[in-house]
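# Tertiary structure, described
Here is how the chains run, residue by residue.
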Amino acid sequence: MSLETLTLQEQIDGLKEKKFSSVELVENYISVIEDKEDLNIFVSNDFEKALEKAKKSDGSKKSQEDVPLNGIPMVHKDIFCTKGIKTSCGSKMLDNFYPPYSATVVEKLEQAGSICLGKANMDEFAMGSSNETSFYGAVKNPLNINKTPGGSSGGSAAAVAANFSSFSTGTDTGGSIRQPASFCGIAGIKPTYGRVSRYGMIAFASSLDQGGILAKNIKDAAIALQCISGYDSKDATSIKAEVPNFSEDCESSEFEHVVGLVTDLIHSFGDEDLSKNYGKAIERLEKLNIKTKEIELPNLELSLPVYYVIAPAECSANLSRYDGIRFGYRAENVENLEDLYFKSRGEGFGNETKKRILIGTYCLSSGFYDAYYKKAQKIRNLISSDFVNAFKDVTSVMLPTTSGEAFDLGSITDPVEMYKQDIFTIPANLGGLPATSVPFGEKNNMPLGIQFIGNILEESSLLNISNKFQLGEK
Amino acid sequence: MKGNWESVIGLEIHVQLNSESKIFSNAPTKFGSDQNLQACEVDLGMPGTLPVLNEKAIEKAIKFGVAINAEIAEKVGFARKNYFYPDLPKGYQISQLDDPIVGKGSIEIQLGDQEIKTIGITRAHLEEDAGKSIHDLFENETAIDLNRAGTPLLEIVSEPDMSNSEEAVAYLKKIHSIVCALEISDGNMSQGSMRCDANVSVRKKGDKKLGTRTELKNINSFKFVEKAINFEIKRQISCLEKGEEIVQETRLFDAINNTTRSMRSKEEANDYRYFPEPDIIPIQITSDQIQRIKNELPELPDEKKERFINELGLSEYDARNLTYDLELADFFEKTLVNIDDPKLVTNWILGDFSAILNKFDVEAKDSKVDAVKFAELLTYLKEEKISGQATKKVLENIWENPDLSVSKSIQDLGLEQISDDNEIEEIIEKVINNNPDQKEQFLSGKDRLFGFFVGQVMKESKGKANPKLVNEILKKKLV
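Notes on the structure follow. Predicted, not measured: the structure shown is a model, and the values here were computed from it.

Definitions and cut-offs
Residues numbered from 1 in each chain as written. Chains lettered and ligands numbered in written order. Predicted model: local features only at pLDDT ≥ 70, side-chain atom pairs only at ≥ 80, totals over all residues. Pairing = 2+ DSSP bridges. Helix = DSSP H or I, 4+ residues; strand = E, 2+ residues; numbered from the N terminus. Axes fitted to C-alpha atoms, helices over the stretch in contact; angles between N-to-C directions. Contact = placed C-beta atoms within 7 Å. Nonpolar A, V, L, I, M, F, W, Y, C, P; charged D, E, K, R; others polar. Buried ≥ 20, exposed ≤ 12 C-beta atoms within 10 Å, placed from the backbone.

### Some remarks on the sheet that holds strand β13 (residues 259–265) of chain B
Residues and elements named next belong to chain B. Strands sit in the order β5-β6-β9-β1-β10-β11-β12-β13 across an open sheet of eight strands; the sheet is mixed. Edge positions in the sheet fall to β5 (105–109) and β13, since each has one partner strand and no second. Taking each pair of neighbouring strands and ignoring which way they run, the sheet shows an average axis angle of 30 degrees. As paired strands, strand β10 (residues 194–204) and strand β11 (residues 214–219) are joined by four bridges and run antiparallel to one another. In the sheet register, Val-200 faces β11, and the bridge partner there is Thr-214. Of the strands in this sheet, β5, β6 (117–128) and β9 (152–158) are in contact with helix α1 (residues 55–67), which crosses β6 at around 175 degrees. With respect to the sheet, helix α3 (residues 222–241) is in contact with β1 (5–16), β10, β11, β12 (249–254) and β13, its orientation differing from that of β10 by roughly 25 degrees.

### Digging into the environment of Phe-342 of chain A
With respect to the helices and strands, Phe-342 of chain A occurs in helix α12 (residues 337–348). Along the sequence, Phe-342 of chain A and Val-416 of chain A sit 74 residues apart, while their C-alpha atoms lie 27 Å from each other.

### A short note on the interface of chain A and chain B
Listed by partner, the interface residues are 37 residues for chain A and 25 residues for chain B. Elements with a minimum of two residues in the side of chain A that touches chain B: α11 (303–318), α12 and α13 (351–364) of chain A. Looking at the side of chain A that touches chain B element by element, the count peaks at three residues for α11 of chain A. Class assignment of the residues belonging to the side of chain A that touches chain B gives a composition of 21 nonpolar, nine polar and seven charged.

### Digging into unusual backbone geometry
Most peptide bonds adopt trans geometry, and most residues besides glycine take a negative phi value. Here the residue pair Gly-151 of chain A and Ser-152 of chain A is connected by a cis peptide bond, since its omega of 5 degrees sits within 30 degrees of zero. With respect to the helices and strands, the residue Ser-152 of chain A is situated in the loop between β3 (115–120) and α5 (154–161). Positive phi, close to 65 degrees, is recorded for Asn-445 of chain A, a residue that is not glycine. For Asn-445 of chain A, the location among the structural elements is in the loop between β10 (435–443) and β11 (446–454). Even without being a glycine, Asn-69 of chain B presents a positive backbone phi close to 55 degrees. Note on placement: Asn-69 of chain B falls in the loop between α1 and β2 (75–76).

### Section: α5 of chain A
Residue and element names in this part refer to chain A. Extensive coverage of α5 is indicated by the burial of eight of its eight residues. Turning to α5, the residues buried within the fold contact β2 (73–77), β3, β4 (167–171), α6 (178–184) and β6 (211–215). Residue Asn-163 follows α5 closely and has a positive phi angle near 60 degrees.

Here is the structure:
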């Protein structure tokens, strides 16, 4: 049996029935990871500690209820702070950063009994759609090493696709879970903004960032999401709401669905393959006897410019703390304070990060604030109300995850072309809505993804429709 | 003021709120611990950490707002104020811009016997304090102490309603007494719990338009407020009289040389790039919450003043001076417990007792002579067992020797008043016999020589003779 290809559910069951041990699972993964080092998926790992923990969990008498993921290996995106373990956020700036605390997500997964094998490579400070902005170099797509795995959670997606773990954590500010999931042929979910604590998750754009899960399928994603969700008193934007039983709800027959479609909008892109795949997805819904309804999202196309004002604006402030004073990279041979700032930030940040800090600083500057930031917030509200209106008639909205399949590494050099990667994923972030990506269709031998967007805090219904869609005809 | 100039002053007062933990983290706020021991990962601005608003800071700010009859915001939102400085860990300060918790309000001040003047308060908003840069600890290096980072501050911004330094000091004292009465700050200026920036401008008398203003920073005592403003007014007038223009700039008060010097001009000023703080969702303040705080409000300085006037019969002037400093007012009330003579106690507290506090730079609550002992001392005076002169001496004596009792001090200093008729008669007879000429002149109608005899008797008795008895007996003897 090749343990590394099992789903999370299969691993949970296998461990419970003692078909294999956690140590065997971990050992299996380590050999796969060592075999596929050239994919450049991990920034750091701690196999010794993982084995130690696996031994402990094999001997544990705790019940499944207390530790639902007992002995299950997993991978964290290197954006989540892990106490005593390097947390780089894909940046030279934090190449020497060993946080004295762990992110709430990390703590929760530890409490659930899972074992972290390593930290996954990512675009620097989560800014990128191809993993190419990482200080540690791009991750290669396990399905074709010439292709990008997507970004920014490229390492997390590749880890699942390359059988480094059955699930991984990721973060999604404008599509950073869903786009790489789509590019690597796996499932991903970005929950409602506030469902998962952001504490200890290094900030890119605070009002958009949300942690989530990448997994082989929606059911597995639901199981893992269950473990990281919930109110956290350390994050003032986390929502005080009961966490439903996602894994049960995922497979329940109780949910009624009306899926919102935007066929005209998709056709308006003039991309035949895109329209074709969307059409096939509608066919699948019909075969599953799921109701659909054409809806309007009139301001959807404004998402991209709005996002590229708000996200850089917030990032320009969020990244001010990297000043070479208290932690992180500090330039040597500086003449004075200003020089220390210039050199530390100049040498510590990569080009994409600097570009976004500059854009954000510009947008917030005196005299430009109203024209850019304030206007962007107004349009953001319009986009949100488009969804509020849509959810009066439908239970979810179906969109493509990306406009195309994974592209060749190094092939997109125009930043605006790169930014367009996120055109279908950004709206869910602007509205704070939960959204999944489900593998569906392919192009040039690479997978494509279909995205479902749910209403606020309606992850159960969203996971249910996504799971039905993924499983297809009975 | 010199010539026909008038000055216009507005103050921005930063009050550290006395919550136990910081405004956005759980770290304690206590003053004086070792460097950086009261700064947690949030205060250090470490990656991934998030601010969580301390509700106590909101409560305290509302208390202040209610006390100055200000509008309280229904929605309180925070904003990021961006600038780089080594003791500002996140590279931005969480402050308030558009939705200050406290809106327009006002307080009243009064100088001497002048009319009451109303000073408008534009707003008061919550923000976090920065850390401290320490430049003199290591050679060629700056040390940073982040214990103060994240301490809650209430920034109280006044209207430019003050026209001289006396008014500015009176306003500052009034704010000080209010925040102390509300117990929302310890008001300790020397430890930086209350700091003040002053906006100063000068214009020709009668001009409607305000002159160009300068902002004076770093003023941390009542005395310095007065000095800094006075210096700056003089500087501006002399500039204008020379035909120069005032440059809009920030100036630093130099307490050692009593001058102000330029720190940065308007052109060099930061563009703070304010935007709403996404990590903190705006909170709603209900009218119930405001009403509850209103109901729980303690006695405010103005109310205390009225009570002192109406119930204790103090003059407006005395009552005001007593209530400027609540510790003094408190000492006053504690003294009254043991001696029922408000007027006498007031005179002594505002007089010699205040003088000795000033001399040793001590607050009333830390007085070396407690209210019980002070009452005992004044009782000796009231019962004419010692003279006023002697009372002052004993006060100084028991201040310097805290273990000494009042009676022992009087004994030690030999200040017990002579109230024995015979003894005083003896002294008087001696004085009269020694000054026969003066006696003649007095008897021939030179009445004012009576004072001369009183003086001589007091001198002869080393100030110990009971003045009342001296008067009575002298009148009888000088016939």
